[in-house]
Amino acid sequence: MSGPVTVVRHTGEFFAFCLDTLRGLGRRPVQVREFVQQAWFISSVSILPAALVSIPFGAVIALQLGSLVRQLGAQSFTGAASVLAVVREAGPIVTALIIAGAGGSAICADLGSRKIREELDAIQVLGIDPIHRLVVPRVLASMLVAVLLNGLVSVVGVTGGYLFNVVLQGGTPGAYLASFQALGQLPDLLVGEVKALLFGAAAALVASYKGMTAKGGPKGVGDAVNQSVVITFMLLFALNFIVTAVYFQVVPQKGS
């Protein structure tokens, strides 16, 4: 029974941690300097990997969908299928994986190191809330960078898919763009940004929680980093399913 009990206990503690963080969002003073530093750091370690990953991601989607729609005799809808797949799903997922793998692991390692050096305990002794001082700026920075990075990933992914479809598969540029204009709509972009916002918050919250609860010295910090990345990936895919299901129930689709 120790396994399930431990899982339930950690789950409850994580939700309590999230509520404390949410409560700290409206507290004063606002840690502007920490927020700017964290946003710059997360963006600096995430922009290049995200751009490099989004190119083959968009190309693979374009190649797979181009081959499929050609077999179905619907070549004119290649552009709509490729762009919507990148904007709705691939862009936020790539952004979340990069944020969790690069930024989240760094956040977890930083807070975990502070934990084992007892810096967090010293902060509490001074009467400072470590969640308000350290966690809230990191969560806000991760959310901001995720939203901006999702735009970059979407643009690069769509451009890569367009080039691969037109150059390698002999597609027509006009048909590629016209099909997207026929089926695409503004809520498709908005849901991608909402996903990126939620994914960025989830990655930062999990990383901060695992870092602030690390124990066992440097080995414990390393284990916390590994666990934070794995848990974040699992949580992201669950969130993605929920948001996508709600989106298709709420927003009417063109052509349906």
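What you are looking at is a predicted structure, and each value in this text was computed from that prediction instead of being measured.

**What to know about the overall build of the protein**
- Scanning the protein from terminus to terminus reveals eight helices and zero strands.
- Ordering the α and β elements of the protein from the N terminus gives α-α-α-α-α-α-α-α.
- Taking all 256 residues of the protein together, 43% fall into the buried category.
- Split by element, the accessible area of the protein, about 13,100 Å² in all, is 71% carbon and sulfur.

**Let's talk about the environment of Y162**
- Topologically, Y162 is positioned in helix 5 (residues 130–168).
- For Y162, a relative accessible area of 24% gives the class partly exposed.
- In this structure, the C-alpha to C-alpha distance between Y162 and V83, residues 79 residues apart in sequence, is 8.5 Å.

**Some words on the UniProt feature "transmembrane region" (unreviewed entry) in the protein**
- UniProt marks residues 39–63, 139–164, 189–209 and 229–250 with the feature "transmembrane region" (unreviewed entry), using the numbering shown here.
- Between the end C-alpha atoms of residues 39–63 the distance is 35 Å, and the span holds 100% helix and 0% strand.
- For residues 139–164, the helix share is 100%, the strand share is 0%, and the end-to-end C-alpha distance is 36 Å.

**What about the packing of helix 5 against helix 7 (residues 186–212)?**
- Relative to each other, helix 5 and helix 7 sit at 145 degrees, their axes nearing to 8 Å. Between helix 5 and helix 7 lies a crossing whose hand is right-handed. In contact with P130, I131, V135, R138, V139, S142, M143, A146, V147, N150 and G151 of helix 5, helix 7 contributes G192, E193, A196, L197, G200, A201, A204, L205, S208 and M212.
- The residue makeup of the contact of helix 5 with helix 7, split by class, is 13 nonpolar, six polar and two charged.

Rules and cut-offs
Residues numbered from 1 in each chain as written. Predicted model: local features only at pLDDT ≥ 70, side-chain atom pairs only at ≥ 80, totals over all residues. Heavy atoms only, no water. Helix = DSSP H or I, 4+ residues; strand = E, 2+ residues; numbered from the N terminus. Buried < 20%, exposed > 50% of the residue type's maximum accessible area, 1.4 Å probe, protein only. Areas by Shrake-Rupley, 256 points an atom, 1.4 Å probe, with all protein chains shown as cover. UniProt positions renumbered as here; feature names shortened; annotations may be inferred. Axes fitted to C-alpha atoms, helices over the stretch in contact; angles between N-to-C directions. Left-handed = near helix turned anticlockwise from the far one by under 90°. Contact = heavy atoms within 4.5 Å. Nonpolar A, V, L, I, M, F, W, Y, C, P; charged D, E, K, R; others polar.

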